[in-house]
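Here is how the chains run, residue by residue.
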Amino acid sequence: MPTGGQGLLKERVVQPSSRRQSTTVFGNLDWFTVLIYFVLVCLGWMNIYAVVYSPDNVVNIFSFDINSGKQLVWIGTGVILMIVLIVVDYKVYEHLAYPIYGGIILLLLFTLAVANPVAGSRSWLDLGGGVRLQPAELAKFATALAISKFLSQVSLRQQKMKDQMILAAITFLPAVIIILQNETGSALVFGAFILAFFREGMSPLILIIGGSAAAIFILTLLVPKLYLLIGVAALMGLAMFLDYRLMRRFKTMIALFVLVVGMVFSVDYFVNDILQPHQQNRIKALINPEADPLGYGWNVTQSKIAIGSGGFWGKGFLEGTQTKFDFVPEQSTDFIFCTIGEEHGWVGSTILIGLFMLLMMRIVYIAERQKSVFGRTYGYCVVSVIFFHFVINVGMTIGLAPVVGIPLPFFSYGGSSLWSFTILLFILLAIDANRNRELVRQ
Amino acid sequence: MNYLENRKYVIQAIFLVVGIVYALRLFYIQVIDSSYKQAAETNAIKTIIQYPFRGLIYDRNGELLVQNTPVYDLMIVPKEARNIDTLRLANMLDITLEDARERFKKARTYSWVKPSIFQQMLSTADFAHIQDNLIDFPGFYINARTARGYPHQSLGHALGYIAEISPKQLEDSTYKGYRPGDYIGKAGIEMAYEKYLMGQRGVKYKMVNVRGIDKGSFKDGAYDTLSIAGQNMVSTIDLDLQAYGEYLMNGAKGSIVAIEPKTGEILAYVSAPFYDPNLFTGKDYGKNYMQLLQDPDKTMFNRPIMADRNPPGSIFKLTQALIALEDGVINPNTTYACNKSLVNCHPHPSPLDLRGAVQHSCNPWFFQAYKALINQGKSKNTFTDTSLGLKDWREHVLTFGFGKKLGIDIPGEKSGIIASTDLYDRVYGKNRWKYSTIYSLSIGQGELGVTPLQMANFMAIVANKGYYVTPHLIRSIGEDGKPLAENYERHYTSVKPHHFDPIIEGMAEVVRAGTGRKASLDKIGITVCGKTGTAQNPQGPDHAVFVAFAPKEDPKIAIAVYVEHGKWGGQSAAPIAGLMIEKYMTDSISALKVQEKWVLSREYLNIKSK
C-alpha cells in the first residue's frame, strides 16, 4: 500500500548520516523533541511555583508541601517512565496495540463502576495511599495505538463503509465511556483524531463540513439568526458564482442551505434544552463572559484580566497579583496559561505559543519520516491530541474557546496529565528511534 | 500518491493559523486594551482610606471642648455571613428581629461581597460585649474609627455636629474630595471650619486575594500617603461661663450671648432649651436627632442667631437716643415731659433729661425724641419728611449691625428686620404713612426684629463707644495659635464716641437705681451698665430682655439675655445677666447668691401680668 511521498524520503534515508546509523536507541533518539519537552516541563514547573508563591509566606520551590514540589516527583517519575518506554522493544507498541486498547477500555468501565464521584466526575481511580489515577488520560495513547494499528491494515481511501465504521467505533468507544464518567472535556479530545484520519486519506469534505458545522454552531450563539442565514446564503451564492460546477448542483446547494437553517434553529434548542446547566454556562461564558462576571463568566473574566494585566513584558516572575491571589480558579491546572500571560506578558505568551508550534511542527516532521503507516499515523495522533489540548486550553483563557477542563500539555500541574503526555510522546520517539530497523516501506 | 503527503501542509497551516490568531489575540488583550490592567488593579489592590483625626477644639482657657473618641462599626460581608442566628444577633445588638432582617437585606442589596455597615457607632462597652460573641457570626467584623466626643454637655448649638455626608452633597462639586460614608460637619463650628478640621485623608494600597484577605502592602508602600490630622482650634468660649449660663437657663427658653467687647470674642453662647452634644455621637444619633427636631420647644432652633422675629423692646431706645444725638436733634440735656397721651408709660419723675429717660425708660420721652429725629422738617410735606427721616435713621441703624447678618463664624445666621420706607410704602402706600404710623419704633416695638446676637453686639458697641468687632467663636486655628485676622476687624458706627457717654451714664443708673437693679454688682465694686426691655408677644406672655456690659470703666463683657415669656427684663433677664457677669469677672457667685436662687426657682415665669 504505497502512501506518502516516497521520493523525498527515500533520498534522505539513503543519505549517510552518522546519527541515523547509530546503533543505540538513544543515539537515534530525536533529541530536539526531548529538549522542547524538558523546556516545557521546566517552565510549567516554575509557573506552578509562581501560582502558589506568596510573598508573606515563602516556601521553597522544592517543598513537597506545595504543588511545585509534588510536580517535581511527577517529573522525576516521568523521566523513569520515558526511559522504560524507549528501552522496551519498540515492536511491542504495534503488536500489543489492541490488547493495550482493550485493557484500557476495561479499566475505564471498571472506573465508571467503582469510582467515587469527585466533584461530580466518576473518572478517578483511588489506588490507595492518596494516589489517584485518571484512566481517561491513559485512554488517549491507547486509542492512538489502536487507531494506528487499524489504519496500518486498511486504507481509508478505499472508502469501505465497514472499515470506516470500525475506525469510528475504536475512536469513540472510549469517548462515550468518558462522557458517562462525566468528563466531557476529556472526551472531546478524541474528536481531534480527525486530523490523523485526514492525513491518512479521509475525505477533506468531512474536515470542511466538521469545521463549518463548528463555525455555524458558535456563530449561531454570537450572531442573530437572520444575519447568519443571510451571510451563509451570500457565501453560497458567491461560491456558485465562482465555480460553475456548483451551479449545476443547484438542488444540492439548496438542500445544503436548508440543512444549515435546520442546524441554526436546533443549536438554540440544543444549548438551552439539552445541555446540562454547567455545559450551557461554559458556552455562554464564551459568548459573553461579562453578562454574569461572578457566575459562569468568572473564570473567563478573571483569566482575561490576569493575562491582560501582564502587558508587553509582563510583571516579572513571582510578581503577578491576579494569579497569586487566587482570582483565577484552577490556576495551576487548567488555567496555568494565565500565569505566563500575567508574569511574562505578551513576549512570554508568544514564546510559549512558539514552543508549542515548534513541537507540533517537529512531530509532523517525525511522523512523515516514518517508514511504517503505523508509526506515521501514531505521530499524527500524538500531534492531534497535543494540538487539541493547546487550542482549547489557551483559547479558553483568552476567551476564544469554551471553558473545557483540559490541561495544557507538559505544563499544567498533575501527575496523570504529565504521565499521559509523556507516554504519548515518548512512544512516538521510541518508534522513531527504531525507524531504520523497519525494512519494509508499506 | 503525493497528494496525501501534501496534506501535511494543510495540517501545519492549521497549526500556524491558530498560533498566529492566538498571538494576535494576546497582543490585543495584553498590549492594546488597557481595561484589563485597571480591572486587575481593582481586583487585587485594595485602597484603604486612612481617616485623619479630626481637629480638636479647645475653649479659651485650654479646656477641651471637642475630642475624638473611638467608636466601632459592626461590618458585614453578606457572602461570608452563613448560618447566622439572626435572633441572637438582634438580641445582642438590642434591635428587633425585623430590623435585623431589614439590615441583612440592605447589605445584600448593596453588595454581596463588599463589606457594609450593619450597626453604626457602637460604644466601647457595646464593642466589648459583642466582640466575645463575634466568633459565632462569620462574615461580621468590627471596624474601628473615631467619632466626636465631648467631655462636657455644653455648647451643642455652637459646636454643631458631624454626620455622614448626604447623597446631595456628594453630587455637589464643592465636596468633590468626599466619598460615600465620609463624615462631614453639618452645623455650627464643625460645618463652618470643616476644611481645617477634617485634615487630609491618607491612602494605603494593599494587596488582597480573591477573598479580600490582606496580602501585604503594594510595592512596599511606595504609593501610600499618610493621613494628616485636622488642625486643632481654640474657641473664644469660656466653658465655665457657658456651662453656668446653661445652668441658669435650664428649663427656660431663650438665649444668652456674652461678648468680649474689644475683640468680638463670644464668651458664652446659650440657646435654651439646649441639648447634650454627645447625643449626636452614639449609635442612636438618628433617633435622637429626629426627637430633637420634632420637639415642641424647638430645641434645634439656634436661637441666638436665628430668633430674629422678635422686636427688641426698650433696649432699642438706646439706639434711638444715640442716633438722635448724632443728628443733633437732641442733646444730653434735652428734656421732655412724660406725656402719657402720646404713649403709655409707668409712674416715674417727670420731666426727664436723657440720662433720666434712659434710667426710667420713659416711653413718651423717646416718642418725642424720635419724632424730632424722623421729622426734621427737611420737607414741608409731612409724609415726605417722615420718609426722608426714616431713610436717614435706617442708615444709622444699619451701622450698628442691625438688619443685616453680622457674619458670625457659624452658618444659619438671620439678618433681622429694620423698618424701611419700602416696607411702609408696600403696606400703606407711598405718601400714605407718617410719624403717627411708625411711632412705636421709638420704643423698640413695631417693624423691628433683632437677634440676641445683635443685641449683645449692640452692647459691645456701647461698651466700645462706637465700634464692634464681628462676633466670632473661633479665636485661632492650628499649632501656631495666631488669631484669625479676618475675625478682628473693627466696624465703626455712624455715631461719634462722645455721644455714648450720657447713654452709659443712664445705663449705670438703670442698674444702680432703675429697672435693672437685680443685675447690680455694686457689692463687689463692679459697675454694671444695663437696660431692660420687654418684647411684646401677641401669642402669650411678653419676652424679657436685658442687655448690659461691665465694668463701666473698662468693659470686659457685653451681654444680652433673652428670656421667652419672661415678661419683664428686670425680673428674669437682668438677674441672669448679673450672675453671668459676676461669674465671668470673679469666677464665683457671692454678690448675687440670692438672685441665683430666684432665677433657678423659675418663679419669674409665674408672675401675673398687669
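The structure presented is a predicted model; accordingly, all values stated were derived computationally and were not measured.

## Some remarks on the overall build of chain B
Here is step 1 of the chain: The helix and strand inventory of chain B stands at 23 helices and 20 strands.
Here is step 2 of the chain: For chain B, the share of sequence-separated contacts (at least 6 apart) that also reach a separation of at least 24 residues comes to 70%.

## Some remarks on the sheet that holds strand β19 (residues 543-550) of chain B
Residues and elements named next belong to chain B.
Here is step 1 of the chain: A sheet is described by the order of its strands in space; here 5 strands give the open sequence β12-β11-β20-β19-β18, paired in antiparallel fashion. Of all the strands in the sheet, just β12 (265-272) and β18 (529-535) have a single pairing partner and so form its edges. Shown here is a sheet whose adjacent strand axes are inclined to one another by a mean of 5°, direction ignored.
Here is step 2 of the chain: Note that strand β11 (residues 254-260) and strand β20 (residues 557-563) share 6 bridges and pair antiparallel. Note on β20: the bridge partner recorded for V257 is A560.
Here is step 3 of the chain: Strands β11 and β12 of the sheet are contacted by helix α11 (residues 239-249), whose axis makes an angle of about 25° with β12.

## A few points about the packing of α11 of chain B against helix α22 (residues 569-586) of chain B
When two helices pack together, their arrangement is given by the angle between their axes and by how far apart the axes lie.
Residue and element names in this part refer to chain B.
Here is step 1 of the chain: Across the interface, α11 lies against α22 with an axial gap of 10 Å and an inter-helix angle of 155°. Here α11 lies roughly antiparallel to α22, going by the angle between them. In this structure, α11 crosses over α22, and the sense of that crossing is right-handed. Here α11 contributes L241, Y244, G245 and L248 to the contact with α22, which in turn contributes I576, L579, M580, K583 and Y584.

## A word on the nonpolar core
Here is step 1 of the chain: If you look at the biggest cluster of nonpolar residues, it comprises 125 residues, and the most contacted ones within it are A258, A456, M459, A548, I559, A577 and M580 of chain B.
Here is step 2 of the chain: Looking at which element gives the most residues to this core, the answer is helix α20 (residues 452-464) of chain B, with 9 residues.
Here is step 3 of the chain: When residues of this core are assigned to domains, at least three fall in each of domain 2 (47-235) and domain 3 (239-275 + 302-606) of chain B.
Here is step 4 of the chain: Beyond its immediate stretch of four places on either side in the chain, M459 of chain B contacts V547, A548, F549, A558, I559 and A560 of chain B.
Here is step 5 of the chain: Residues V189, F198, Y380 and I386 of chain A belong to the second largest nonpolar core, which totals 111 residues.

## Some remarks on the UniProt feature "transmembrane region" (unreviewed entry) in chain B
Here is step 1 of the chain: As annotated by UniProt and renumbered to match this structure, "transmembrane region" (unreviewed entry) occupies residues 9-28 of chain B.
Here is step 2 of the chain: The distance from the first to the last C-alpha atom of residues 9-28 of chain B is 28 Å, and the span holds 100% helix and 0% strand.

## Quick word on the confidence of the model for chain A
Residue and element names in this part refer to chain A.
Here is step 1 of the chain: In this model, chain A carries an average pLDDT of 82, and 85% of its residues clear a pLDDT of 70 or more.
Here is step 2 of the chain: Of all the helices and strands in chain A, helix α1 (residues 6-14) carries the lowest mean pLDDT, 43, while helix α17 (residues 336-368) carries the highest, 94.
Here is step 3 of the chain: Across residues 1-20, where pLDDT falls below 50, the model places 18 contacts with residues more than four positions away in sequence or in other chains.

Reading the values: rules and limits
- Residues numbered from 1 in each chain as written.
- Chains lettered and ligands numbered in written order.
- Predicted model: local features only at pLDDT ≥ 70, side-chain atom pairs only at ≥ 80, totals over all residues.
- Helix = DSSP H or I, 4+ residues; strand = E, 2+ residues; numbered from the N terminus.
- Contact = placed C-beta atoms within 7 Å.
- Pairing = 2+ DSSP bridges.
- Axes fitted to C-alpha atoms, helices over the stretch in contact; angles between N-to-C directions.
- Parallel < 35°, antiparallel > 145°, perpendicular 65-115°, else oblique.
- Left-handed = near helix turned anticlockwise from the far one by under 90°.
- Core = buried A, V, L, I, M, F, W, Y, C linked by C-beta atoms within 7 Å.
- Buried ≥ 20, exposed ≤ 12 C-beta atoms within 10 Å, placed from the backbone.
- Domains from an automatic or database assignment.
- UniProt positions renumbered as here; feature names shortened; annotations may be inferred.
- pLDDT = per-residue confidence, 0-100.

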